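Listed here are the chains, written in short residue letters.
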Amino acid sequence: MADAALFTQINVATMAPGGAPYGLIHDAAIAVQDGRIAWVGPRADCPAEWRALPMHSMGGRLVTPALIDCHTHIVHVGHRAREFEMRLQGATYEELARAGGGIASTVAATRDATPEVLLASALTRVDALLSEGAATIEVKSGYGLDIGTELKMLRVARQIAQARPVRVRTTYLAAHAVPKDMDGDTYLDQVVLPGLDLAVAEGLVDAVDAFCEGIAFSPGQVARVFERAKALNLPVKLHAEQLSHLGGASLAARFGALSADHLEYATPEDAVAMARAGTIAVMLPGAFYTLRETRMPPVQAFRDAGVPMAVATDWNPGSSPMGSLLLAMNMACTLFRLTPEEALAGTTRVAARALGLADCGMIQPGLRADLAIWSADGPAELAYRIGVNPLFKRIFGGTEC
Ligand code: DI6
Ligand code: FE
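Residues numbered from 1 in each chain as written. Chains lettered and ligands numbered in written order. Predicted model: local features only at pLDDT ≥ 70, side-chain atom pairs only at ≥ 80, totals over all residues. Heavy atoms only, no water.

### Quick notes on the pattern of salt bridges
Note the cut-off: Any carboxyl oxygen of Asp or Glu that lies within 4 Å of a side-chain nitrogen of Lys or Arg is treated as forming a salt bridge with it. The helix and strand labels rest on DSSP assignments: H or I over at least four residues marks a helix, E over at least two residues marks a strand, and numbering proceeds from the N terminus. Categorising residues by exposure relies on relative accessible area from a 1.4 Å probe, with only protein chains included: less than 20% of the type maximum marks a residue as buried, more than 50% marks it as exposed, and the intermediate range marks it as partly exposed.
Under the criterion given, the structure shown has 18 salt bridges. Put simply, arginine 155 and glutamate 202 hold a salt bridge, and the shortest N to O gap is 2.6 Å. Here the residue arginine 155 occupies a position in helix H6 (residues 147–163), and glutamate 202 occupies one in the loop between helix H7 (184–201) and strand E8 (207–210), the gap between them amounting to 47 residues. Note on glutamate 202: relative accessible area 39%, which makes it partly exposed.

### So, the coordination of the iron ion (ligand 2)
Note on metal geometry: ideal angles are 109.5 degrees for four donors arranged tetrahedrally and 90 or 180 degrees for six donors arranged octahedrally. The cut-off we apply is this: Distances decide who is a donor: an N, O or S atom must be within 2.8 Å of the metal, or within 3.2 Å for Na, K and Ca. Water is not included, so sites may look incomplete. Every geometry call rests on angle ranges, with four donors termed tetrahedral when all angles are between 85 and 135 degrees, four termed square planar and six termed octahedral when opposite donors are over 155 degrees apart and all others are between 65 and 115, and everything else termed irregular.
Distances from the iron ion (ligand 2) to its protein donors, His71 (NE2), His73 (NE2), His239 (NE2) and Asp314 (OD), fall within 2.1 to 2.2 Å. Considering all 4 donor atoms around the iron ion (ligand 2), the spread of angles at the metal, 81 to 165 degrees, places the coordination shape in the irregular class. Linear spacing of the donor residues for the iron ion (ligand 2) on their chain is H-x1-H-x165-H-x74-D. Taken as a pair, histidine 239 in strand E9 (residues 237–240) and aspartate 314 in the loop between strand E12 (309–311) and helix H13 (325–334) lie far apart in primary sequence, 75 residues in all.

### Some thoughts on the pairing of strand E3 (residues 36–42)
Condition: Note: two strands are recorded as paired if DSSP finds a minimum of 2 bridges between them.
In terms of strand pairing, strand E2 (residues 24–33) meets E3 through 6 bridges, oriented antiparallel. Counterpart to alanine 29 in the pairing with E3 is glycine 41. Hairpin connection from E2 to E3: 2 residues lie between these consecutive antiparallel strands, with aspartate 34 at a positive phi of about 50 degrees.

### With respect to the nonpolar core
The condition is simple: By nonpolar core is meant a set of buried Ala, Val, Leu, Ile, Met, Phe, Trp, Tyr and Cys residues that side-chain atoms within 4.5 Å join together. Contacts were defined at the residue level, with two residues in contact if any of their heavy atoms lie within 4.5 Å.
By size, the foremost hydrophobic cluster in this structure holds 115 residues, and its most contacted members are Ile160, Leu263 and Phe302. Beyond its immediate sequence surroundings of up to four residues, phenylalanine 302 is in contact with Leu263, Ala266, Ala271, Met274, Ala281, Met283, Val307 and Met309. Val12, Ile30, Val32 and Val63 belong to the second largest nonpolar core, which has 17 residues in total.

### Overview of the site of ligand 1
As a reminder of what qualifies: If a single non-hydrogen atom of a residue is within 4 Å of a molecule or strand, that residue counts as near it. Polar contacts here mean pairs of N or O atoms no more than 3.5 Å apart (in protein, one a potential hydrogen donor and the other a potential acceptor; neighbouring residues in sequence count only if both atoms are side-chain atoms). Note that accessible areas follow from Shrake-Rupley with a 1.4 Å probe, and for residues the cover is restricted to the protein chains shown. Only Asp, Glu, Lys and Arg are considered charged in this grouping, and only Ala, Val, Leu, Ile, Met, Phe, Trp, Tyr, Cys and Pro are considered nonpolar; every other residue, Gly among them, is considered polar.
Inspection of the region around ligand 1 gives 14 residues, with Arg80, Tyr93, Tyr143, His176 and Ser319 positioned closest. Contact distances for ligand 1 include 2.7 Å between a nitrogen atom and a side-chain N or O atom of histidine 176. Here ligand 1 loses 100% of its free accessible area of 320 Å² to cover by the protein chains. Looking at the shell around ligand 1 residue by residue, the class counts come to 4 nonpolar, 8 polar and 2 charged.

### Let's talk about helix H10 (residues 268–277)
Formally: To obtain the arc, one takes the directions from the helix axis to the C-beta atoms.
Of the residues making up H10, those classed as buried are Asp270, Ala271 and Met274. Across the axial projection of H10, the buried residues extend over an arc of 100 degrees, all falling on one side. The exposed set on the far side of H10, more than 90 degrees from its buried face, consists of Glu269 and Arg276. Structurally, H10 contributes buried residues whose contacts are with helix H9 (248–254), strand E10 (259–262), strand E11 (280–283) and helix H12 (299–305). Just downstream of H10 lies glycine 278, where phi reads positive at about 75 degrees.

Here's what the structure looks like:
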């Protein structure tokens, strides 16, 4: 495709807030120039300068911002199908973790893998997300639990953006689990904090995350990680209130976190604190479903407090082996009662905010031309079907791919 193009015969869900639902424009046109959106609006209003561009007629299809998966653990090797079988026989996720399975088994496999194997394995998962219209993916470390492997994971995450037309935001999650042979504080002192300094020096870190949970790190320990992140001028986010209420969400808010993620056990007070801090609530229905959680995240409290909700896959080999952002949207609606409009905002406009990105997630002049073109009549269809992919084309930085 040329550097500039005009898309016509489209209905556009701009996802710009405040106007029509989904920011929907019927019979619209989008002008793209130099990788950015130059103009969007009703086709009849399109200025002459854009009408002269090479025209791409899309046959009445739906255009949305390209999707954003703002919470994944896709750099890892191996699988945990055996644990799936054990959970079906009654073992819980926490029991398996405490017995040395869970995250620890993926850590062993990931430590052994070469960067080449790790990248090839991650790309199979990246390709699945791209095939559903994703253009930006967050990738966490956290299956190394030693400095060398955490850095190896982050380097591989950066390589993804060279190997595929996708944007990657990296998150340092060395505080994901406590390795067998150490106590939590020693691990922070010897691995998490010095590893963070090294990863930052190598330009590998866009944000810092931790797992605040009984089987992982206490709020006090997480605060130590966040203090160091703040000293390095890095934004933070947190796996909070997933299996119990430990105070992670309010801690995240206190540190002005980009997001707090999971949140099944969060309270209305947490929602108020998050709203004040501008912290996004990331809904991860794949983990809720996989672990057969029954406690719902307080969705209405988030709405009432004005906390925007993102939706992500949490793609990981243990609690959410989920390769579909469209399915995450469907589950967010059916399991958590989000509206289809909230679910789509959650994988576009709000997901961008959860990553601290201001240049994508909506279709507006000046933003990146990352678009998804769907064989669909309207945007509610994207969350409505189960396991159906209506993607027609993906536009990444103005280029069809
Ligand atoms: N919460 C999760 O859902 C994942 N990590 C976390 O802190 C699970 C990671 C795994 O089980 O491998
Ligand atoms: Fe996670």
